[in-house]
Structures are given as C-alpha cells and as structure tokens.
Amino acid sequence: MRSCQRAAAPWVAVCAEAKTLASAPDADKRAWMERRLQPYRIESAQGEVRGLLTAYFEPVFEASRSRSAAYSVPLYQPPAQLSPGQTWYSRKDMDTLAQAQTALQGRVIAYMADPLDALALQIQGSGHMQIRQSDGSVRQSRLAFAGSNGQPYQSVGKWLSEQGLITDTSWPGIKAWAARNPTRVQELVWSNPRVVFFKEEALPGDDSGPRGAQGVALTAGRSIAVDPASIPYGTPVWIRSVGTQITLQKLVVAQDTGSAITGAVRADYFVGTGPTAGDLAGRLKQPLNMWALWPQ
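What this report covers is the structure whose coordinates are included nearby. Here the structure is a predicted model, which means the values were calculated and not measured.

A word on the environment of threonine 276. On the secondary structure map, threonine 276 appears in helix H9 (residues 275-283). Assessed through its relative accessible area of 69%, threonine 276 is described here as exposed. Placed 217 residues apart in sequence, threonine 276 and proline 59 show a C-alpha to C-alpha distance of 9.7 Å.

Turning our eyes to something else, we now look at the pattern of salt bridges. In this structure the tally under the stated criterion is 11 salt bridges. Residue arginine 41 is joined to glutamate 43 by a salt bridge in which the shortest nitrogen-to-oxygen separation is 2.7 Å. A relative accessible area of 52% places arginine 41 in the exposed class. By relative accessible area, glutamate 43 is classed as partly exposed at 33%.

Next up on the list: the state of the cysteines. Within this structure, the stated rule accounts for one disulfide. Sulfur-sulfur distance for the disulfide between cysteine 4 and cysteine 15 comes to 2.0 Å. The sign of the S-S torsion, about -85°, decides the handedness of the disulfide formed by cysteine 4 and cysteine 15: left-handed. Of this pair, cysteine 4 sits in the segment before helix H1 (11-19) while cysteine 15 sits in helix H1, and the two are 11 residues apart along the sequence.

Our next topic: H1. For H1, the complete set of buried residues consists of Trp11, Val14, Cys15 and Ala18. Taken down its axis, H1 places every buried residue within 100° of arc, on the same side. Where the residues of H1 are buried, they touch helix H2 (26-36), strand E1 (37-41), strand E10 (236-242) and strand E13 (285-295).

This paragraph deals with the packing of aromatic side chains. Within this structure, the stated rule accounts for four aromatic pairs. Ring centres of tryptophan 11 and tryptophan 294 lie 5.4 Å apart, and the angle between their planes is 80°; on these two criteria the pair is classed as edge-to-face. Residue tryptophan 11 is located in helix H1, and its partner tryptophan 294 is located in strand E13; the two are separated by 283 residues in the primary sequence. Note on tryptophan 294: relative accessible area 29%, which makes it partly exposed. Consider the rings of tyrosine 56 and phenylalanine 270, whose centres lie 5.4 Å apart with planes at 55°: the pair is tilted. Of this pair, tyrosine 56 sits in strand E2 (residues 51-58) while phenylalanine 270 sits in strand E12 (residues 266-273), and the two are 214 residues apart along the sequence. Comparing tyrosine 56 with phenylalanine 270 shows no difference in burial state: the two are buried. An aromatic cluster of three or more residues is present, and its members are Trp88, Tyr89 and Phe197.

Reading guide: rules and limits
Residues numbered from 1 in each chain as written. Predicted model: local features only at pLDDT ≥ 70, side-chain atom pairs only at ≥ 80, totals over all residues. Heavy atoms only, no water. Helix = DSSP H or I, 4+ residues; strand = E, 2+ residues; numbered from the N terminus. Buried < 20%, exposed > 50% of the residue type's maximum accessible area, 1.4 Å probe, protein only. Salt bridge = Lys/Arg side-chain N within 4 Å of Asp/Glu carboxyl O. Disulfide = S-S within 2.5 Å. Arc of directions from axis to C-beta. Contact = heavy atoms within 4.5 Å. Phe/Tyr/Trp six-rings, centres within 6.5 Å; stacked < 30°, edge-to-face > 60°.

Take it as geometry only, folks, not as evidence of what the structure does.
This is how it looks when you write it as structure tokens:
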C-alpha cells in the first residue's frame, strides 16, 4: 500500500482494488493476490536465474552541529551550484582543494566523529541521527539522500583485498582493520571517490524507514533495492535466498535502488534500523532467485 502512494501503470487499477481489501482477512488478501497477479521468473539477459542478494540498513549515529576535535567529519547538503547528474569533486578533492572547500561553505549539516562511520552513512544513503545542538540538547532526526558528487562508487573492502591487507571484506572486518591501522584510514576513505549529500528530515511517529528511490517509506524486511531498468518500482517480488547468514523465502516490494545494484537478478534487502540490522547487512552476500508478480 505504501508503493500505491506512487503507483504507475499498470499498478493504478490494481492499487484501487487493493485499497478495498484494507480491512479484509489475510486469507482474502492472499486469494486476491493469487488471482490478480501472475508470477514470472526473473532471468538475466543471458538466461541466468541465479543472482546475488546483499542487504542494507539505516544506521544510528551521533553527530554534532559544531565542529570540534572530537567531531570533525562534515556531512554536507548538496552544493548550491551542483546540477543533477553532474560529476563534481571527488572525496579527496573535497577534503584537500581550496576551491571545493569554498563551494561547500555553509553547506554542513553536522559533524561526525569517525570518517568510517560517515562513509557507512553515505553508503547506506540515509541514517537516524542523534545530533547534539549548540545548547547541549540532542535532536533526533533523519538524514536522507539528497544527491551525490556523481563519482563512481568504489568498494573500500575491494581496495583492501586487492592490496592483500584483509581477507574478511565485511564491514566488521573493514572496521577491525581500520582500528589496527589508524594512520591509513584517510587513505582508505579516499579510495572511494563517491560522496553522498543529505537533507535533514523530521522522524515520523511510526517505525517506517527512510524513503527509497520510489519516494515512499521503506519497510524493514519487506523492501528491496533493485535495478529499475529490470524491475519497475512498486513491483511485488518473491525472493528465495539460502545462505550462511539467513534463509529467505518471502514476498517483498521493489522500492529503492543503489549505485551498486545493477542487473536483473540482483537485490539489496532492507533489514531495518540500528546495530543489529547493521551487523546482518554488513555480512549478507548470498545466492538469490527472484519472481516478479505482475498484474494479469
């Protein structure tokens, strides 16, 4: 029903029918879906039916409105002169070039303590923030995706692996390496030139997640990010994934995308908010089969 808030053809008629079932028993809803929707197995252009499932989450971080020795990593709003799709300064350029710093003046939302946590926030695309104000009070808010510098995403885990520095490229593994090598953290962060810009939003009164690319709030355990060139937003998808981290055989909805989510049999599973969700998201990487449910 959240996807129906942004329904596009051919879902408009289906959503109108679905709204009449809002208070119906679950058995009636299930029967309607089985009657109204036809499953189609999703395959790649080469006919491959097996793909990759990863996961993402909404982190919870502390930040400060004011820069200090403890909080020195800035989180930015989009630069005023940045156009959609424009390729802008890289992460290293933004930290080192005077002209980039000039363009970013007045665009800081808040400061974080750890550059890797700031990178994690940018990779996830949004975060639940606890921001200390100038008067000492703490404001709960959400930083949501508002654009990027247009640079390609480069995995810091891959960078470490290619140099033979680690074998565990999960986020906990990356954090452990950084703790052992504090003098190389800046080099590690700069290896990913892509920077995400944010906008600050009030937290809703319910447990809904951040807004995905479809423009609706994500639901933990029920929303996935897909390649919209293969699966349109709002499409219900049955996923099957069996691995060492989790076994999933369930219905989800395509409501988001990401720069690393490309190809037909590819999904990023939204697991929720906080450290428990983050631990799973940092480790989940396993085989995937998908079926789209399409109106008939």
